[in-house]
Amino acid sequence: MLECMEMTDDAAAPSPFPRLVTSGKWLRAGEAKWQLRGVSYGPFRPNSLGEPFPEEAAMRADLVDIQRLGFNTVRLYELPTEAVLRVATELGLRLLCGIPWTEHVDFLRDRASSVAIEDRVREAVQRLQGCPCVVGFLVGNEIEKTLVRWMRPARVQAFLERLIELGREIAPEKLFSYATYPSTEYLIPRNADFLAVNVYLEQPEALAAYLQRLQNLAGNKPLLITEFGLDRAAHGAAKQVETARWFYQECSRAAVAGTVWFSYTDEWYRGGEAVVGWQFGWVDAQRRQVCHDLASQIHPPSLDSAAGKAAPRISVIVCTYNGTATLRSCLESLQRLRYPDFEVLLVDDGSTQDIAGIAAAFPEVRYVRQDHAGLSVARNLGASLATGEILAYTDDDCLVDEDWLQHLAAGFDEASWVAVGGPNIPPTPRNRTEAIVSAAPGAPAHVLLSDAEAEHLPGCNLAIRKTALAAIGGFRPVYEVAGDDVDICWRLRQAGGKLRFMPGAMVWHHRRYTVEAYLRQQRGYGHAEALLMRDHPERFGPMGGARWSGGIYGDLAANPALSEGSIYHGPLGQGLFQGIYQAGARCWLDWLGGVLWVGLALLSLVLGLPGVALGIVALSGALALCRFQHLPLPFALNWREKALLLGLCWLQPMLREWARLRGMIRLGARPTFQPALREVFVPPRPRKLTLVGAELAFWSEAGVDREALLREWQGLMEAKGQVVYPDDGWRWFDAETGIKHWFTCALVTVTEHHGQGRCLTRVRSLVRVHSLLLWLFLGCTLVSGLRPLLSGESQDAWTYLLPLAILGLLKLSAHGMKTHVLIAAERAGLKRHETA
């Protein structure tokens, strides 16, 4: 580390490693976008010094060759030595450092194990924090899927977030993440700087579809593919070159911020022994280049040249009304666009501010003014003056990414796509108040029917084919402030068109910078919803809210809860692609938000029921607190700022719904009681509560694992006349037996692999009781306990015996499961192992 730091002591010399930061969906080095082009290196057999790298001369030759091939980053699975740091710094190569620890065992079983891992992360980051060649850290890599299910996904996620927090406290200028994989794609630390995924797919269509899904999981953060490759031994060198070609092209098209090819060499050492038979490297184990055309694939062509089509002409249309505070920055961002054929039209909707003066500083912008008539009329005027075949709308408080039009244009590669949009991401707040307002609910969001097809695209980032817009008559003038984008998207889809979401078509969108402006915006949204209800009554439910077939995404969309029933693990937890599904509203208290329940509270007071009114207000406050807990807070808030944000969470739905209700009365708008929406998949919610019983562990020197134990246990139970019900893939157990829908005993298992065929299998017995039975039991116990107090009579004996009987039944069931597991383990050849 000292040598790394000494090379940067000369303040006059420019650093070869400008600091990398995340910028929306991208990485930037200074002001310039920076694409991570990486290759993995190692792990290797220990060298003569006991270090997990080749001898220094061989390592230097490897890194020189990596630089020659065109890579700028090396992903390491072991912490770099002083020699690796020195050579990487000399060559200008960045290092993405994995921090190795015992990921293959139950590391949450005891506090000592987790503390040891935390210490390992602290020590690694502390040692490497001053090395400019270290771009960032991966605090973990591919925790095995059944082990995650065993430890519970939410607990594992929280632990990874803790590791990132520890590392960031020491080295805040470095980037941090965790490398997940398709079998645990849901395992995403919420405080990671980027989403890192290891993925291996052999068809370009499958990769393109999966990258789109990963971008949605990444949200407003960059996506990095931290492992991808192809086994040359199985497919041949020509197939490896072809795979590299379409891999880099698809990643460029999907706006992937960085890639790591697995691997540089076929030499690979893992679990105390060399891995043979697999050939993923760009060179073989003897460092002979086996694919001479591979290096030429690292730099893919641009999106338009890759498609083999001329870039369509695009007309960028900015509509403004008194937007001087942000308009200049918006137009400056449009000057930086990297696209061969576009124009910019600025439509002034009768502003009282000097919009023309700002426009005069941008001679390439076509400025036109109209009498104040509202947003939709301004959008239609821009469309009538446009010369492009694509109309790209953005707002005066947006800053567009320099490749915005490239990605929008790429989205129109098929005639069925009539509109394309991308994410709108809040930039760095200008003050603390704007940061708090940005975290409040109610920001514009896109709605997706699938990973690629949208149901709604916000108007601040919306491109439409000019012919498609004309065919439906343009924007409706009644939408003067908001709602125009929702109306136009619904009408485009009703006309048979499809809307597409392109994650690379990114704009920065300032949220409101004062509380007053935010509340005014929410009232405007409420009035727009009343207009939409009048024009599209079938899109609104009986409570008055808009109904969507798709999922709502955006910077405020809470991460789905990692709870039982939200993740499809597959039978025995062995699914290859384990997706997470939203199960409806993120909080059941959402039903208690808004003006309706405030009205009920007031009615309760009028009727002389203050207790009921107080209860409704308390539940409404709980809703605000529920929302508050899901918000992405920009920094640590003081108590006044927390109170302000909590108040906005409580006030926002009321203001919006009150404005909607007033508009409904004035316009005569009424929702339908049967929204015309297609069926959407809702994952099955668990109906049983789980009580944990005994936990056992078994050792095998011969590779006998959990599946052998489960087979013996199932045979044993069936021999006793019991019916065994396997997990349907949604639950946190492997199999259960008993009264299926009411009372069952279940097992969940995991096998830890300790190398050379040695296995430790853990078994946990569970008692699963239908929640209705438990509630009935608690209710009866409460009533029987209160009756003597209220009547003065002596307490019946059964009042004491019933709970004891239930507890005894549970204990007996758990003991029976333990006995059966011990018998099954002995039959499978497993030896009981006493673990701490």
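Note: the structure precedes this text.
Numbering of residues begins from 1 in every chain and follows the order in which that chain's sequence is written. Per-residue local features are limited, in this predicted model, to residues with pLDDT of at least 70; the limit for side-chain atom pairs, both in listing and counting, is 80 or more; totals at the level of whole chains, interfaces and linings are taken over all residues. Excluding hydrogens and water, the side-chain values take into account all heavy atoms of the structure.

Undergrad: For this particular structure, what's the right way to read the overall build of the chain?
TA: A run of DSSP states H or I qualifies as a helix once it reaches four residues; a run of E qualifies as a strand once it reaches two. Both are numbered from the N-terminal end. A count of helical and extended segments in the chain gives 24 helices and 32 strands. Per-residue accessibility, obtained with a 1.4 Å probe over protein chains only, is compared with the maximum for each type, and a residue is labelled buried under 20%, exposed over 50%, and partly exposed between these values. Relative to its 836 residues, the chain shows a buried fraction of 52%. Per-residue and other accessible areas were derived by the Shrake-Rupley procedure at a 1.4 Å probe size, with only the shown protein chains allowed to occlude residues. When the accessible surface of the chain is totalled, it reaches about 36,300 Å², and 58% of it is carbon and sulfur.

Undergrad: Just to check I follow, could you spell out the sheet that holds strand β3 (residues 32–33) for this structure?
TA: Taken together, the three strands give an open sheet; going across it, the order is β1-β2-β3, and neighbouring strands pair in antiparallel fashion. What marks the edges here is a single partner per strand, and that holds for β1 (20–23) and β3. Strand pairing requires that DSSP identify at least two bridges connecting the strands.

Undergrad: I keep staring at the side chain of Asp349 and nothing clicks. Help me out?
TA: With respect to the secondary-structure elements, Asp349 resides in strand β15 (residues 342–349). Of the side chains bearing the opposite charge, Arg369 lies closest to the buried Asp349, which forms no salt bridge; the N-O distance is 8.6 Å. Contacts described as polar in this section are N or O atom pairs within 3.5 Å, which, within protein, must combine one atom able to donate a hydrogen with one able to accept it, while residues neighboring in sequence count only if both atoms come from side chains. At 3.1 Å, the side chain of Asp349 and the backbone nitrogen of Gly374 are in polar contact. Any two residues whose heavy atoms approach within 4.5 Å are treated as being in contact. If we ignore the near neighbours within four places in the chain, the residues touching Asp349 are Thr320, Tyr321, Gln370, Asp371, His372, Ala373, Gly374, Leu375 and Ala378. This count recognises Lys and Arg as positive and Asp and Glu as negative, with His and chain-terminal groups excluded. The working definition used for a salt bridge is a side-chain nitrogen of Lys or Arg within 4 Å of a carboxyl oxygen of Asp or Glu.

Undergrad: Is there a simple way to explain the environment of Asp403 in this structure?
TA: Take Asp403: it is sitting in the loop between β18 (398–400) and α14 (404–410). Asp403 sits in the buried class, given a relative accessible area of 14%. With sequence-adjacent residues up to four places away left out, Asp403 is seen in contact with Lys33 and Arg338. Of note is the side chain of Asp403, whose polar atom sits 2.8 Å from the side chain of Lys33.

Undergrad: I tried to follow the packing of aromatic side chains on my own but got confused; where do I start?
TA: To describe a pair of aromatic rings, you give the distance between the ring centres and the angle between the ring planes. Between rings of Phe, Tyr and Trp, where Trp is taken as its six-membered ring, a pair exists when centres lie within 6.5 Å; planes separated by under 30 degrees are stacked, by over 60 edge-to-face, and by other angles tilted. A complete count under the given rule lists 24 aromatic pairs for this structure. When the ring of Tyr41 is compared with that of Phe53, the centres are 6.4 Å apart and the planes differ by 25°; the resulting orientation is stacked. Taken together, the residues Tyr41 in strand β4 (residues 36–41) and Phe53 in the loop between β4 and α2 (56–69) connect sequence positions 12 residues apart. Take Tyr41 and Phe53: they sit in the same class, and that class is buried. Taking 4.1 Å as the distance between ring centres and 5° as the angle between the ring planes, the aromatic pair formed by Phe228 and Phe247 counts as stacked. Here Phe228 is found in strand β10 (residues 223–228), whereas its partner Phe247 is found in helix α9 (residues 237–253), with 19 residues between them in sequence. Pairwise contacts between aromatic rings join Phe71, Phe228, Trp246, Phe247, Tyr248, Trp261 and Trp282 into one cluster. Two conditions define a charge located above a ring, namely a distance within 6 Å from the ring centre to NZ of Lys or CZ of Arg, and an angle within 35 degrees of the ring normal. Looking at Arg379, its charged tip hangs above the ring of Phe475, at a distance of 5.6 Å from the centre. Positioned above the aromatic ring of Trp417, the side-chain terminus of Lys498 is 4.3 Å from the ring centre.

Undergrad: Can you help me understand the pairing of strand β19 (residues 417–421) in this one?
TA: Within a regular strand, the side chains alternate between the two sheet faces. Of all five residues in β19, five are buried, a share of seventy percent or more. The pairing of β19 with strand β24 (residues 498–501) spans four bridges and is parallel. Of the residues in β24, the one forming a bridge with Ala419 is Leu499. Across three bridges, the pairing between β19 and strand β23 (residues 461–465) is antiparallel. Looking across to β23, one finds that Ala419 is bridged to Ile464.

Undergrad: Help me understand the pairing of strand β5 (residues 73–76), please; the structure alone is not making it clear to me.
TA: Here β5 shows a buried face lined by Thr73 and Arg75 and a second buried face lined by Val74 and Leu76. Note: β4 against β5, four bridges, orientation parallel. Bridging from a neighbouring strand, Ser40 pairs with Arg75 of β5. Handedness of a crossover is defined as follows: with both strands directed away from the viewer, a clockwise route from the first strand across the helix to the second makes it right-handed. Handedness of the crossover joining β4 and β5 through α2 is recorded here as right-handed. Relative to strand β6 (residues 94–98), β5 runs parallel, the two being bridged by four bridges.

Undergrad: Would you take a moment to explain the pattern of salt bridges for this structure?
TA: Pairs can form between side chains of opposite charge once their charged atoms are near each other. Within this structure, the stated rule accounts for 46 salt bridges. Residue Glu82 is joined to Arg127 by a salt bridge in which the shortest nitrogen-to-oxygen separation is 3.4 Å. Here the residue Glu82 occupies a position in helix α3 (residues 82–91), and Arg127 occupies one in helix α4 (residues 111–128), the gap between them amounting to 45 residues. For Arg379, the salt bridge is made with Asp484, and the minimal N-O distance between the two is 2.6 Å. Placement of the pair is Arg379 in helix α13 (residues 375–385) and Asp484 in helix α17 (residues 484–494), with a sequence separation of 105 residues.

Undergrad: Help me understand the sheet that holds β5, please; the structure alone is not making it clear to me.
TA: Two strands in a sheet stick together by hydrogen bonds in their backbones, pointing the same way (parallel) or opposite ways (antiparallel). One closed barrel accounts for eight strands, arranged β4-β5-β6-β7-β8-β9-β10-β11; its pairing is parallel. Averaged over all adjacent pairs, the angle separating strand axes in this sheet is 25°, with direction ignored. Set on the sheet, α2 makes contact with β4 and β5; between it and β4 the angle comes to about 150°. Where α4 meets the sheet, it contacts β6, β7 (134–141) and β8 (175–180), and its direction lies at approximately 170° from that of β7. Helix axes use the C-alpha atoms of the stretch in contact, all axes being lines fitted to C-alpha atoms, and the angles between their N-to-C directions lie in the range 0 to 180 degrees.

Undergrad: What exactly am I supposed to notice about the environment of Met654 here?
TA: Considering the arrangement of structural elements, one finds Met654 in helix α21 (residues 639–667). Judged by its relative accessible area of 11%, Met654 is buried. Considered as a pair, Met654 and Gln522 are 132 residues apart in the sequence and their alpha carbons are 9.5 Å apart.

Undergrad: Can you help me understand the side chain of Glu118 in this one?
TA: With respect to the secondary-structure elements, Glu118 resides in helix α4. Polar side-chain contacts of Glu118 include one of 3.4 Å to the side chain of Arg111. In this view, Glu118 contacts Arg111, Phe159, Arg162, Leu163 and Leu166; residues no more than four positions away in its chain are not counted.

Undergrad: I tried to follow α21 on my own but got confused; where do I start?
TA: Since the α-helix advances by 3.6 residues per turn, residues separated by three or four positions end up pointing in the same direction. The end-to-end C-alpha distance of α21 is 42 Å, a good match for the 42 Å that 29 residues give at a rise of 1.5 Å each. To get the bend at a residue, fit one axis to the 7 residues ending there and another to the 7 starting there, then take the angle between the axes. Taking the largest bend as the criterion, α21 deviates by roughly 30°, centred on Leu651, and proline Pro653 comes between one and four positions later. Taken residue by residue, α21 has Glu641, Leu645, Leu648, Cys649, Gln652, Pro653, Met654, Leu655, Ala659, Arg660, Gly663 and Met664 as its buried positions. At the C-terminal side of α21, Gly668 shows a positive phi close to 70°. Here the expected length of a helix is defined as 1.5 Å per residue gap, with one fewer gap than residues.

Undergrad: Could you clarify how one ought to interpret the packing of helix α7 (residues 204–218) against α9 in this entry?
TA: Helices that pack against each other are described as a pair by the angle of their axes relative to one another and the distance between those axes. In contact at an axis separation of 10 Å, α7 and α9 are set at 25° when each is read in the N-to-C sense. When the axes of α7 and α9 are compared, the pair comes out roughly parallel. With respect to the hand of their crossing, α7 and α9 are arranged in right-handed fashion. Facing Pro204, Leu207, Ala208 and Leu211 of α7, the residues of α9 in contact are Trp246, Phe247, Glu250 and Cys251. Here the nonpolar group is Ala, Val, Leu, Ile, Met, Phe, Trp, Tyr, Cys and Pro; Asp, Glu, Lys and Arg are the charged ones; every other residue, Gly included, is treated as polar. Residues of the contact of α7 with α9, tallied by class, amount to seven nonpolar, no polar and one charged. For classification purposes, an angle smaller than 35 degrees is called roughly parallel, one larger than 145 roughly antiparallel, one from 65 to 115 roughly perpendicular, and anything else oblique. By definition, any crossing whose near helix is turned counterclockwise from its far helix by less than a right angle is left-handed, and any crossing with a clockwise turn is right-handed.

Undergrad: It is not clear to me how the nonpolar core should be interpreted in this structure. Could you clarify?
TA: If you look at soluble globular proteins, the nonpolar side chains tend to sit buried side by side. Only buried residues count toward a nonpolar core. Its members are Ala, Val, Leu, Ile, Met, Phe, Trp, Tyr and Cys residues joined through side-chain atoms within 4.5 Å. Membership of the largest hydrophobic core comes to 85 residues, with the highest contact counts inside it found for Ile143 and Ile225. The leading source of residues in this core is α3, at six residues. In contact with Ile225, other than residues within four places in its own chain, are Val197, Val199, Leu211, Leu214, Phe247, Cys251, Val256, Gly258, Thr259 and Val260.

Undergrad: Hey, could you run me through the packing of α4 against helix α6 (residues 153–170) in this one?
TA: Closest axis-to-axis distance for the α4/α6 pair is 9 Å, and the angle between their directions is 30°. Here α4 is positioned roughly parallel relative to α6, judged by the angle of their axes. Where α4 crosses over α6, the handedness of that crossing is right-handed. Residues Ser114, Ile117, Glu118, Val121, Arg122, Val125 and Gln126 of α4 form the contact with α6, whose own contacting residues are Phe159, Arg162, Leu163, Leu166, Gly167 and Ile170. Residues belonging to the contact of α4 with α6 are distributed by class as follows: seven nonpolar, three polar and three charged.

Undergrad: Explanation requested: a nonpolar patch on the surface in the structure shown.
TA: Residues enter patches when their relative accessible area tops 30% and they take part in no salt bridge; the joining distance is 9 Å for like charges and 5 Å for the nonpolar side chains Val, Leu, Ile, Met, Phe, Trp and Tyr. Taken together, the side chains of Leu603, Val606, Leu607 and Leu609 define a hydrophobic patch exposed on the protein surface, amounting to about 410 Å² of accessible area. For Val606, the location among the structural elements is in helix α19 (residues 595–606). Using a relative accessible area of 68% as the deciding quantity, one classes Val606 as exposed.

Undergrad: I'm lost on unusual backbone geometry in this one. Help?
TA: What is expected of a backbone is that most residues other than glycine have negative phi and most peptide bonds are trans. Look at the link from Gly42 to Pro43: it is a cis peptide, with omega at -5°. Relative to the assigned elements, Pro43 resides in the loop between β4 and α2. Look at the link from Phe262 to Ser263: it is a cis peptide, with omega at 5°. Turning to its location among the elements, Ser263 is positioned in the loop between β11 (258–261) and β12 (269–270). Phi at Arg287 takes a positive value of approximately 70°, unusual for a residue other than glycine. Topologically, Arg287 is positioned in the loop between β13 (273–274) and α10 (303–307). Take Arg287: its relative accessible area is 24%, and that puts it in the partly exposed class.

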